[in-house]
Amino acid sequence: MNRVSVSRRAPLFAALLLGASFAASAQNVLIRNAVVHTATAQGTLERADVLVGNGVVRAVGKGLSAPAGVKVIEAEGRPLTPTLFGGITEIGLEEVSGEKSTVDQTVALGADTKEMTVRPEFDVTLAYNPDSVLIPVARIEGIGWTLLGAGTATGGSIVAGQGGIERLDGGPDPIGPRVLFVRLGKDGLGLSGSSRAAQWMILDQLIDESRGRITPDNHAALLTPAGRAALQKYFGGGGRIVFGVDRAADIRQLLRWSAKHQLRIAIAGGGEAWRLAPQLAAAKVPVFVNPLSNLPSDFDQVGASMENAARLQAAGVAVGFSEGGASHNARKVRQLAGNAVAAGLPWDAGLAGLTRVPAEAFGVAGEVGSIAPGKRADLVLWSADPLDVSSVALQVWMDGRAIEMRSRQTELRDRYLRPDNGLPRAYSAPSGN
């Protein structure tokens, strides 16, 4: 068997060495002597091993033996986690935010007429680009999967459309079920006649249409036949619906409305969610927060607090993390979790918010979000505490394959730092005296 020891050098150099050493690693590997954060009921295992076979975790424990020909990675007591959830993003849907031809997360068929168009059948995963330069940028920082979110725009509606989970392994297809996105509160006012009350009026009409109480030929009907079929999949305990909402009063109304119609919901944002923590826990609603929202940046977040995640978790709410519009900076989601821990959230709950919680919420816990036999071997070996921004991902494995720890950003770094790398100089060499 082959044995590779993790360098004890500074994190940056260790990452470079590992990227070069492991690039050709196969799907069979034994990672030995790691602090294994399983994100399961097993919790954290000190000085433990993880055996990977054919891209799948085969065993987790101490003193595991490597079959013949299996590469052995000596972790030397460093942390090993599942790959992390990058939040609700547009990775692969948005390349350059200022160039419209590279932005695909919204539908606005009524933009020219300024009419609302409701198309819940809109599925952003169909536009996913697995060759996006944003993917390796996030992946080498330990981000292994994300929820592609549908956005809202003038000419669309508060019902934005559907998205799904994409693993950042370069593959084209999403995993797990689709998720429906709805925008409430101030961000939906321009799509609902400038009234929060109208948002519930619109949603009630859509419920009536999808259940046949308003016929398709009615002059006031909003849905296409495909739209009705799409919405029906989310009723009666069907697929998950993510509501973007912050204000406590809107969250309270959402809990009542979703219970009435038997919907499985999650909340993204939840700036004032802590004020309804017991109700959210009772309804089993996961909340994906931004722990850095600690000031009243608008009237929907007057009660924002850095203790939001800690208070929700203490009440029994499943807490995850996401930062709106973070496609180009998905790697910063670790900073969100770390700040939540600094504000009182237990460390294990912080890691769970980047692994197990989103995996369970979005129906992919059988594949990602934890380290356990039978799960995909999507793993990250860290230089130190993964919730500390000074730590780096030394190596990332996807399906047991060591990915090349390189992105456009590292290539640009090397171009500027290494004058002898064979690349054209960005600037003329200074003349000597």
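The notes below deal with the structure included here. If you're wondering where the values come from, they're calculated on a predicted model, not measured in any experiment.

**Observations concerning the overall build of the protein chain**
Regarding its fold elements, the protein chain presents eleven helices and 17 strands. Dimensions of the protein chain along its principal axes, counting C-alpha atoms only, are 70 × 60 × 40 Å. The buried share of the protein chain, taken over its 433 residues, is 53%. Put simply, of all contacts in the protein chain between residues at least 6 apart along the chain, 67% involve residues at least 24 apart. Accessible surface for the protein chain amounts to roughly 18700 Å². Of this, 50% is attributable to carbon and sulfur atoms. In the protein chain, the 44 positive side-chain charges and the 41 negative ones have mean positions that sit 4 Å from each other.

**Structural notes on the sheet that holds strand E10 (residues 175–183)**
Read across the sheet, eight strands follow the order E7-E8-E9-E10-E11-E12-E13-E14 without closing on themselves; strand pairing throughout is mixed. Every other strand in the sheet has two partners, leaving strand E7 (84–89) and strand E14 (319–321) as the edge strands with one partner each. Strand-to-strand twist across the sheet, computed as the mean angle between neighbouring axes with direction ignored, equals 25°. Alignment of E7 against strand E8 (residues 143–148), held across four bridges, turns out to be parallel. Across the sheet, Phe85 pairs through a bridge with Trp145, a residue of E8. Sheet strands in contact with helix H8 (residues 333–342) are E7, E8 and E14, and its direction is about 140° off that of E14.

**Re the nonpolar core**
If you look at the biggest cluster of nonpolar residues, it comprises 93 residues, and the most contacted ones within it are Leu203, Phe243, Leu254, Leu280, Leu312, Phe321 and Phe362. When residues are assigned to domains, this core turns out to be shared by domain 1 (25–82 + 369–422) and domain 2 (84–357), each giving three or more. Apart from the residues within four sequence positions on either side, Leu254 is in contact with Leu184, Trp200, Phe243, Val245, Ile265 and Ile267. Counting residues in hydrophobic clusters, the runner-up holds 19 residues, among them Ala34, Val36, Leu45 and Ile371.

**Let's talk about empty space enclosed by the protein**
Within the structure shown, the criterion is met by five cavities of 30 Å³ or more. Roughly 90 Å³ of internal volume is contained in the largest cavity. Considering the residues around the largest cavity, the lining is formed by Val159, Leu180, Val182, Leu203, Leu206, Ile207, Leu231, Phe235, Ile241, Phe243, Trp257 and Leu263. Taken together, the elements giving at least two residues each to the lining of the largest cavity come down to E10, helix H3 (196–210) and strand E11 (240–245). When residues in the lining of the largest cavity are grouped by element, the largest group, three residues, is from H3.

**Points about the packing of H3 against helix H4 (residues 225–232)**
Closest axis-to-axis distance for the H3/H4 pair is 9 Å, and the angle between their directions is 100°. Put simply, H3 runs roughly perpendicular to H4. In this structure, H3 contributes Leu206, Glu209 and Ser210 to the contact, and H4 contributes Arg228, Leu231 and Gln232.

Calculation rules
- Residues numbered from 1 in each chain as written.
- Predicted model: local features only at pLDDT ≥ 70, side-chain atom pairs only at ≥ 80, totals over all residues.
- Heavy atoms only, no water.
- Helix = DSSP H or I, 4+ residues; strand = E, 2+ residues; numbered from the N terminus.
- Buried < 20%, exposed > 50% of the residue type's maximum accessible area, 1.4 Å probe, protein only.
- Contact = heavy atoms within 4.5 Å.
- Areas by Shrake-Rupley, 256 points an atom, 1.4 Å probe, with all protein chains shown as cover.
- Lys, Arg positive; Asp, Glu negative; His and termini not counted.
- Charge placed at Lys NZ, Arg CZ, Asp CG, Glu CD.
- Pairing = 2+ DSSP bridges.
- Axes fitted to C-alpha atoms, helices over the stretch in contact; angles between N-to-C directions.
- Core = buried A, V, L, I, M, F, W, Y, C linked by side-chain atoms within 4.5 Å.
- Domains from an automatic or database assignment.
- 1 Å grid on protein atoms, 1.4 Å probe; cavity = no way out; pocket = protein on both sides within 12 Å on 5 of 7 lines; lining within 4 Å.
- Points joined across faces, edges and corners; volume = space filled by probe spheres on them.
- Parallel < 35°, antiparallel > 145°, perpendicular 65-115°, else oblique.

In short, the description is geometric, and any link to function would need to be established separately.
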